[in-house]
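# Per-entry structural report
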Amino acid sequence: MLVPAQTIIDAAVRRGDGVAAFNVITLEHVEGVVAGAEAAGLPVVVQISQNCVRFHGGRVRPLAAAAAAAAAESTVPVALHLDHVEDEDLLWQAVDAGFGSVMYDASRLPYADNVAATRAAAEWAHRHGIWLEAELGEVGGKDGAHAPGVRTDPLEAAAFVADTGVDALAVAVGSSHAMTTRTASLDHELISRLRDAVPVPLVLHGSSGVPDDQLRAAVTHGMVKINVGTALNIAFTDAIRATGLDHSDPRRYLAPARDAIAATVTHLLGVVSAI
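Being a predicted model, the structure only gives us computed values, none of them experimental.

Among the nonpolar cores identified, the biggest contains 77 residues, and F22, V33, I48, F99, L132, V173 and M223 are the most heavily contacted of them. Residue contributions to this core peak at 8 residues, all from helix α11 (residues 251-272). Beyond its immediate stretch of four places on either side in the chain, L132 contacts L91, V102, Y104, T118, A121, A122, A125, V166, D167 and A168. In this structure, V19, V45, A170 and V203 belong to the second largest nonpolar core, which totals 13 residues.

The final tally for this structure, using the stated rule, is 1 aromatic pair. Taken together, a centroid distance of 6.2 Å and an interplanar angle of 55 degrees make the contact between Y111 and F160 tilted. Of the two residues, Y111 sits in helix α6 (residues 111-127) while F160 sits in helix α7 (residues 154-164), which places them 49 residues apart along the sequence. Since its relative accessible area comes to 0%, F160 is described here as buried.

Glancing now at helix α2 (residues 27-40). With 14 residues, α2 extends 20 Å between its outermost C-alpha atoms, agreeing within 8% with the 20 Å of an ideal straight helix rising 1.5 Å per residue. Restricting attention to buried positions, one finds in α2 the residues E28, H29, V30, G32, V33, V34, G36 and A37. As for α2, its buried residues are in contact with β1 (19-23), β2 (44-49), α4 (61-72), β3 (78-85), α10 (230-243) and α11. Between the side-chain oxygen at the start of α2 and the backbone nitrogen of E28 there is a gap of 3.2 Å, and the oxygen is on T26. At the exit of α2 stands G41, carrying a positive phi of roughly 70 degrees.

Glancing now at α7. All of the buried residues in α7 are P154, A157, F160, V161 and T164. For α7, the angular spread of buried residues about the axis comes to 120 degrees, placing them on one side. The outward face of α7, more than 90 degrees from its buried face, is lined by the exposed residues L155 and A162. The inward-facing, buried residues of α7 contact α6, β5 (131-135), β6 (168-170) and α8 (188-197). Its side-chain oxygen 3.1 Å from the backbone nitrogen of L155, D153 forms the N-cap of α7. Phi turns positive, to about 75 degrees, at G165, one or two residues after α7.

What counts as what
Residues numbered from 1 in each chain as written. Predicted model: local features only at pLDDT ≥ 70, side-chain atom pairs only at ≥ 80, totals over all residues. Heavy atoms only, no water. Core = buried A, V, L, I, M, F, W, Y, C linked by side-chain atoms within 4.5 Å. Buried < 20%, exposed > 50% of the residue type's maximum accessible area, 1.4 Å probe, protein only. Helix = DSSP H or I, 4+ residues; strand = E, 2+ residues; numbered from the N terminus. Contact = heavy atoms within 4.5 Å. Phe/Tyr/Trp six-rings, centres within 6.5 Å; stacked < 30°, edge-to-face > 60°. Expected span 1.5 Å × (residues − 1). Polar contact = N/O pair within 3.5 Å; in protein donor to acceptor, adjacent residues only side chain to side chain. Arc of directions from axis to C-beta.

What follows is the structure, given as structure tokens:
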């Protein structure tokens, strides 16, 4: 069941729980995410990032088509989301490539430039039926919203959403991208303040480094969309190394790696969802 991300996220908002969104790199990632969601009996968001597109030679459509086909045959709702887009040319490919939502990332820009770029992206997206997520970065900072120590100000977040018209906002509350240990400590009081200040769903990036209890608390305090990427890659590569094989058939490595992704997805969906 291929559905728009907005459908899944709006349902989570009504229930008062969370939705897990997983970044994929290969077809085995996609298959593992869908299998994990089916095992959990829960909806899921499959995300293809600009970095992933770059890995695939700058072509977004092949993996997107495969993901859409896997979603269409799934027994649970699956959304296809284009993540961390900085390149406008890639943004404009979203519709034809089958994405119902995009995360447009201008967070590295100074605040005023971030607002202007994000507003233009949101206006384009809405004209084309695309749900748009954005990220509020550090004012003047080069490392973006998830550099160590960066936090999102609730009043600034509210103004940003009002000035840009975005449909969801990724905020900095203590997580960080590409963490390989689950040691992040989130500012739950700030999450509550952001929830009260911002009229759109909040998104947590860098969730791979957040322990289960912290993820549950984040959802309780107002996070809705929980993005996970590195945790899948750790599961994938650990499973390949654990085979201990010296074999020329890649299926002998990829099958357990795909299963490890599925198990990780099933677990994390259960952590963030109250269904």
